[in-house]
Amino acid sequence: MRKKWICLVMALALCALWTGATADGGYVNPDGRPINLIQYAARPYTWEVQEHRGSPIATYVENALDGNRYTEMWFGCWDAVARDEIPDISFYFDNATVKDIWIRNGSEKPNYRDYARMGNLAVVVWTGDTCSDMYFPRRPIYNQFYNLQDNYDSEEVSDDFYDGYQRFGLPMQYEHVTRIDFFVKGWYEGEIKDNEHHYQMWISDIAFLPDALSTLVYGGGSGYPPQDWPYYGPTATPAPTATPVPRETATPEPGLQVLTAEQTETRSGPGANYTDLASGLPAGTWVKALSTSFEEEAEVWWIQTEITYGGEKRRAYTPVKQLRMQETQVQLEEAIGNAVLTRSVFGYWGPGFGYTMYNDKIPYGTSGTVWQEEGAYAQFEYFDENLQQSRRVWVPVGALQFGNG
């Protein structure tokens, strides 16, 4: 059943966000409810599902097109099916326009992790009789860039998350779309160890949007949420900003590739009083050095580095003596200001969903210091009451309310 592909779009791992929206999440409707993306979506007029051993591997496909988070499509997870070149599901359209695909993974009906969840997805877009100018061959399914983070947070509102949906961003807007193929290449197994739960993947909703979310919902706004939305949350308490220790002037060199000189110590922040992240890297490992900060008590310079751990990107701090470099080769960190979380959010090990996500949410109202901003995310330092240690994580900028001093 191999067919000529007209337009091939790169594979991308999807992480899913699900659970109910809250009034403080910053949504459009006056009553606090989020806009339902399905009302903007191009709807397929039919679909075709691959069979495995005489049975369709996906059932109740219509449930994935109704915009209802409490209904779901069931999908059988089979290694043999994931390895073949037959589309798992083909959606057929009547000359539709598609810019992004938004997927609400899993389901809210049972415990989210009871059933299997989508891990990796490849997509093929077919348009009319000609191929798009942009051509992307399918990538290896275990490419680290496409690893899925198996967490969710329906309260996050950004270019990539909305009301439990995760954006599958296509490289361009495609017109005259006649067909979109899904190849499910990986999944997270259900935690209940029986065949019904362990290998049955649930997908709640899929929306094929013709334009960017900001254009459709906000009429072309540049941010989430819009600036004129009212704010109802705690106020940050101003705190004195630490004065960096003077040092020699250096020309910043972002993304400096360096080798580890010995087994490394990795912390979430620049000091032994910050949470320990993971086992250190062995000597002779290449890492990317990004910035530096001084620990006054121990008189130690720490380097913020970016590493790959278990196929996912992470940022961590390492003493400069454990790296083959000088602290003057990267820029000095300086605090931006004090802030408080206006909603509960998951923290990341780096600026965004391309990095490992922590398992537990940071509570609403947590106050701390912002040290860096990168894209839609900020590096946020706070005191973890459970661990009785300081911690630095990355959170959405839109979830922070900055203080006045």
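About the thresholds
- Residues numbered from 1 in each chain as written.
- Predicted model: local features only at pLDDT ≥ 70, side-chain atom pairs only at ≥ 80, totals over all residues.
- Heavy atoms only, no water.
- Helix = DSSP H or I, 4+ residues; strand = E, 2+ residues; numbered from the N terminus.
- Buried < 20%, exposed > 50% of the residue type's maximum accessible area, 1.4 Å probe, protein only.
- Contact = heavy atoms within 4.5 Å.
- Areas by Shrake-Rupley, 256 points an atom, 1.4 Å probe, with all protein chains shown as cover.
- Polar contact = N/O pair within 3.5 Å; in protein donor to acceptor, adjacent residues only side chain to side chain.
- Salt bridge = Lys/Arg side-chain N within 4 Å of Asp/Glu carboxyl O.
- Pairing = 2+ DSSP bridges.

Q: Can you help me understand the overall build of the chain in this one?
A: Each helix and strand counted, the chain has 3 helices and 23 strands in total. Considering the chain as a whole, with its 405 residues, one finds that 53% of them fall into the buried category. Restricting the contact set of the chain to residue pairs at least 6 apart, pairs at least 24 apart contribute 76%. Only carbon and sulfur atoms are counted for the fraction: they give 48% of the accessible area of the chain, which is about 18,500 Å².

Q: I'm lost on the environment of Trp-371 in this one. Help?
A: As for its position among the elements, Trp-371 is in strand β20 (residues 367-374). Residue Trp-371 is classed as buried on the basis of its relative accessible area, which comes to 13%. Once the C-alpha coordinates of Trp-371 and Ile-336 are considered, the two residues, 35 residues apart in sequence, prove to be 5.3 Å apart. Beyond its immediate stretch of four places on either side in the chain, Trp-371 contacts Glu-333, Glu-334, Ala-335, Ile-336, Gln-379, Glu-381 and Arg-392. At a separation of 3.0 Å, a polar atom in the side chain of Trp-371 contacts the side chain of Glu-381.

Q: Whenever I open this one, the pattern of salt bridges confuses me. Can you help?
A: Two side chains of opposite charge can pair, provided their charged atoms sit close to one another. Summed over the entire model, instances satisfying the criterion amount to 13 salt bridges. Salt-bridge contacts for Asp-181 lead to Arg-179; the nearest nitrogen and oxygen are separated by 2.7 Å.

Q: Could you clarify how one ought to interpret the environment of Ser-107 in this entry?
A: Along the chain, Ser-107 turns up in the loop between β7 (89-105) and β8 (117-127). Setting aside its immediate chain neighbours within four residues, Ser-107 contacts Arg-69, Glu-72, Tyr-112 and Trp-202.

Q: Any chance you could explain the pairing of β20 here in plain terms?
A: A regular strand carries its side chains on alternate faces of the sheet. Both strand β17 (residues 337-341) and β20 contribute to a ladder of 4 bridges, which runs antiparallel. Paired with Ala-339 across the strands is Gly-368, a residue of β20. The pairing of β20 with strand β21 (residues 377-384) spans 5 bridges and is classified as antiparallel. Among the inter-strand pairings, Val-370 is bridged to a residue of β21, identified as Phe-380. If you look at the hairpin formed by β20 and β21, you'll find 2 residues sitting between the two strands, and Gly-375 has a positive phi there, around 65°.

By themselves, these are just geometric observations and shouldn't be taken as functional.
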